[in-house]
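As a plain string of letters, each chain reads:
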Protein chains: 2
Amino acid sequence: MKRNTWQREAVREALGSNEGFVSAQSLHSSLRGTGSPIGLATVYRALADLAVEGEADSLQSLEGESLYRACTPGQHHHHLICRNCGLTVEIEADAVELWAKSVAAEHGFTQPNHVVDVFGLCAACSRTAGEE
Amino acid sequence: MKRNTWQREAVREALGSNEGFVSAQSLHSSLRGTGSPIGLATVYRALADLAVEGEADSLQSLEGESLYRACTPGQHHHHLICRNCGLTVEIEADAVELWAKSVAAEHGFTQPNHVVDVFGLCAACSRTAGEE
DNA sequence: GTACTATTGATAACGAATCTCATTACAGTT
DNA sequence: AACTGTAATGAGATTCGTTATCAATAGTAC
């Protein structure tokens, strides 16, 4: 049976209070920073669980680590992510969904999945970058 | 100045003789298997170089490792990849390019990049999977 | 051939993620 | 409220992909 622990709740809250994607490591250290004695392994486990349950999205950063973010559950969506500050916007893309399906079918592929993410500089970071 | 070594050439060839994406590690061991004394670090370096020069595509496997594949250079494209056997088809997707750009612009994002890959089971693997 | 230096490669170092296992504490039962 | 079974925790060890180190090697220009 699944149990409710303050640790899981702490991870859920920490995730929710964050605008962008965060790594398990940084989430752990920020929790530690607030005085919580939560363990690193527990953070990893909680994040993996949340991802499975659909309460969190995950993606691979360009450096290879997994990043997580609270998401609106039950709905397939993609992300527009600021390379600089991590700000993330959820985007829907029915057109892309259909495209992925048809491309797969065209080549005889079945059970299509897809990874679609857009990276860029958000308005604020674009402004900052332009000034230097 | 950049030099031509047999090591780089060996990596380029090994990449080209492969249909799907391969990891640096497996490329290294297959080269070693053919009697080449090439070092692991060199394989990593050569692959990184090829990726920068546009002669190779790279993506992150779900297990976190980087995979590489020879590609038709100078042209932006995406991939349709078999989850099971690694067979890869290069696909063009002008519609998706435009979509990514417009979505980014809509939210004030500049310098948009995107990651678009479709995973599935290729025709052959679909058949096999259906039989068991 | 000589000199310069980019490249190599064995190995150490690094870092993210997972595993181990004794301990803890949640959640039903009595 | 005490009891009990077991899911969950966490410190530390471990794994594994990748990168850094640095002395030795070997392209390339002259």
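Residues numbered from 1 in each chain as written. Chains lettered and ligands numbered in written order. Predicted model: local features only at pLDDT ≥ 70, side-chain atom pairs only at ≥ 80, totals over all residues. Heavy atoms only, no water.

Chemist: Please clarify how the overall build of chain A should be interpreted in this entry.
Modeler: Within chain A, the secondary structure is distributed over five helices and six strands. In chain A, the order of α-helices and β-strands from amino to carboxyl end is α-β-α-α-β-β-β-β-α-β-α. When each of the 132 residues of chain A is scored for burial, the buried share is 40%. Taking the contacts inside chain A whose residues are at least 6 apart along the sequence as the reference set, 48% of them involve residues at least 24 apart. Here chain A has roughly 7,400 Å² of accessible surface; of this, 51% comes from carbon and sulfur atoms. On chain A, the mean spot of the 10 positive side-chain charges and the mean spot of the 17 negative ones are 9 Å from each other. (Helix = DSSP H or I, 4+ residues; strand = E, 2+ residues; numbered from the N terminus. Buried < 20%, exposed > 50% of the residue type's maximum accessible area, 1.4 Å probe, protein only. Contact = heavy atoms within 4.5 Å. Areas by Shrake-Rupley, 256 points an atom, 1.4 Å probe, with all protein chains shown as cover. Lys, Arg positive; Asp, Glu negative; His and termini not counted. Charge placed at Lys NZ, Arg CZ, Asp CG, Glu CD.)

Chemist: Would you take a moment to explain the nonpolar core for this structure?
Modeler: Burial of nonpolar side chains together is a common tendency in soluble globular proteins. Ranked by internal contacts, the top residues of the largest apolar core, which has 31 residues, are A:Leu80, A:Trp99, A:Phe109, B:Leu80 and B:Trp99. For this core, the secondary structure elements donating two or more residues are β4 (78-82), α4 (94-106) and β6 (110-121) of chain A together with β4 (78-82), β5 (88-91), α4 (94-106) and β6 (110-121) of chain B. (Core = buried A, V, L, I, M, F, W, Y, C linked by side-chain atoms within 4.5 Å.)

Chemist: Whenever I open this one, the sheet that holds strand β2 (residues 56-60) of chain B confuses me. Can you help?
Modeler: Backbone hydrogen bonds hold the strands of a sheet together, and the pairing may be parallel or antiparallel. All names here are of chain B. Strand order in the open sheet formed by three strands is β1-β3-β2, and the pairing between neighbours is antiparallel. Each having just a single partner strand, β1 (22-23) and β2 make up the two edges of the open sheet. The sheet contact formed by β2 and strand β3 (residues 66-70) spans five bridges and is antiparallel. Bridging across to β3, Ser-58 finds its partner in Tyr-68. (Pairing = 2+ DSSP bridges.)

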